[in-house]
Every structure is written in structure tokens, then in C-alpha cells.
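Residue-level structure breakdown
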Amino acid sequence: MSGEHPSPVDTTPASPAAAPRFDVRDFARTAVGSHRESIDLSVFEEDPLPLTVVQLLAYARELERSTMTYLRNVLVTPTHKDARVTAFLTTWAFEKYWIADSFEVVVRAHGVDPAEAETLSRFRAIALEIAERATPIVESFRANAIGTDVIGLHMASVAVDEWITEAAYTRLLADCPHPVLTPLLEHVLEVKARHRLFVDPDAERRLAESPKARSLARRALPRIDWPIGAASLARTDTALFYEQLIDDELARSIDAKAATLPGLEKLHLVQNARRAALENPGHPAARLGRSLGATAATLAHTLRSTTKGGTNG
């Protein structure tokens, strides 16, 4: 599925001042639900998708489903106090749930159970369960100590994640033309384009207005396993995602777009994530140790800032 492709990522900086204000009420009112009626599963009987594509769709299903875990962690922070952001995120999660559902339908039509794609070691499964229980508590304490500047981090993380998945689906659309998959991916990309109308300018505005938000984003974004949700999935599946859908050129173009957000220059988020996925570095225990260490360091920084009466400067 590899080959030469024009970059689907628009690296032009957003211009929130020139854009009309996003109508969150209209967005919620017109939320896109199930895609099932538009999927003709009978076509797959005569024209099935390649196995690699089915594997990628199973992985994408898990990424889209991970939104609920992400949202749970976000809404225990000061972000939930911003009515517009909360209204957007809940509708965003609803639409992503149905994107995941559409991918699941296609995967199951090929005789594959998407849940079986999760081939995690026992150690990693236990570690993830502990992390899932602890993260909302730690995140709530940490983020509420930081204050509303954390919203800038959350919107920046959503923006980068949307750019990654949108680029991946665009690549898959170009690489695997199919009478059923093509219109489905085109529809999914239309849904995601609506998301970016809110996310891109909101992330840029919040980072531009707050030095503290920029500092927080620069520290936190490199610690995320991109795309969001990859941390709970098999590394071999993440490696396949980058190998087939996000080549080095495309990773650079997404990073170039991320660099247009205030304070996020030269982070190379996607290039580093791609390199790590393909090199498969470290034993799970070492990787977990580094992650816990990073969390502890961030929490310690928060405590010091709070004790000293840190400001938004």
C-alpha cells in the first residue's frame, strides 16, 4: 500500500480571527450518527478488502473508540467548566463512536472480530488497567491545580490527533479504492472536517493567549503515544498503522502543521511517534517506568507551582 502521494495535510496556519464563530448548538443538533445504512455489506462477498486494510480498519476502530476514555479523563478537569468546549467534546465523542461502529461493521463482514486484534501481554494489560483507574484521579488533581490553562493543552491534543487520523484515512482512501470503503471514508472525512472547524482555531487561540498553556502543551504533548489510544493497543498494530498510512514525509507534514500552533515549534511529535513505533523500543516494563516517571515529574512541577502561587505567566 506504499507509494508516492501528495500530502493530504494542509499546513496553512488557521486564521481564527477571520473565521465565523463556530455554532456549537447547530453542531450538536446536526450530530452525525450511525453510518450503517450506507454500507452495503453484500459487496464484500464478491469484492473483499485486502487483509491489511481490514487490520488497519480494526486498529482505526480502536482509536476512535478510545475517545470515551480520553473524554472521561478530560471532563474531570477545569475543561468541563467551559460550556462550549464540553458541548463540542460530547458531540465529537458521539460522532467518533459511530465512526468506530462503521469500521467494526466492515471488519466483522470479513470474518474478523475487532476485539481479537488486541494482543496485549498480561503485564501490559494489568498495567493499563491500573493506569485507567488511576489516571482520572491524578489528572483531576493535576489539572485542577493548573487551572483553565489546561484547556489549551486538551484542544491542542485533539487537534494533533485529528490531523493524524484524517491524514491516515485520506491515505487509505487513495491507496484502496473500493465501492463500499471509498464512500464510507469520504463521509468520515466530512465528519472530521466539521470537528476541525472548532478544534483548530480554538487550540490556536488558547495557546496564543496563555504562556502557561503553551508551556504545558510543550511538556505534555511529547509524552502522548500518538495517535491517542495507541498506548492501549498492540505495538505491532501501531507499527502497521505508521508503516502503511503515515510515511516519513506525511509525518513531517503533520508536524509542520502542529508547528503553526503557538509554542509548538520543533516538537516533531508524529515523526518521533512513528520512529518509536517502527523501532519498537524498550521492554513494556521500562516503557511503563518512563511513563510513570514523566507523570510524577509533571505532578511535582504542578505542586511546586501551586505552592509558590504560580500565575499564568
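Here the structure is shown first, and the text comes after it.
Residues numbered from 1 in each chain as written. Predicted model: local features only at pLDDT ≥ 70, side-chain atom pairs only at ≥ 80, totals over all residues. Heavy atoms only, no water.

Take a negative patch on the surface next. Taken together, the side chains of D40, E45, E46 and D47 present a region of like negative charge at the surface. Inspection of the secondary structure assignment puts D47 in the loop between α2 (43-46) and α3 (51-65). (Patch = residues over 30% accessible without salt bridge, like charges linked within 9 Å, V, L, I, M, F, W, Y side chains within 5 Å. Areas by Shrake-Rupley, 256 points an atom, 1.4 Å probe, with all protein chains shown as cover. Salt bridge = Lys/Arg side-chain N within 4 Å of Asp/Glu carboxyl O. Lys, Arg positive; Asp, Glu negative; His and termini not counted. Charge placed at Lys NZ, Arg CZ, Asp CG, Glu CD. Helix = DSSP H or I, 4+ residues; strand = E, 2+ residues; numbered from the N terminus.)

Let's shift gears to the packing of helix α8 (residues 181-209) against helix α9 (residues 211-220). Packing of α8 against α9 leaves a shortest axis separation of 5 Å and a crossing angle of 115 degrees. Classed by the angle they form, the pair α8 and α9 counts as roughly perpendicular. Facing α8, whose interface residues are R206, L207, A208 and E209, α9 presents P211, A213, R214 and A217. Among the residues making up the contact of α8 with α9, the classes are represented as five nonpolar, no polar and three charged. (Axes fitted to C-alpha atoms, helices over the stretch in contact; angles between N-to-C directions. Parallel < 35°, antiparallel > 145°, perpendicular 65-115°, else oblique. Contact = heavy atoms within 4.5 Å. Nonpolar A, V, L, I, M, F, W, Y, C, P; charged D, E, K, R; others polar.)

This next bit is on the side chain of T91. Residue placement: T91 occurs in helix α5 (residues 83-109). Given a relative accessible area of 8%, T91 falls into the buried group. A polar contact of 3.0 Å, which involves the side chain of T91, links it to the backbone oxygen of A87. When neighbours within four sequence positions are excluded, T91 is seen to be in contact with F27, A28 and A31. (Buried < 20%, exposed > 50% of the residue type's maximum accessible area, 1.4 Å probe, protein only. Polar contact = N/O pair within 3.5 Å; in protein donor to acceptor, adjacent residues only side chain to side chain.)

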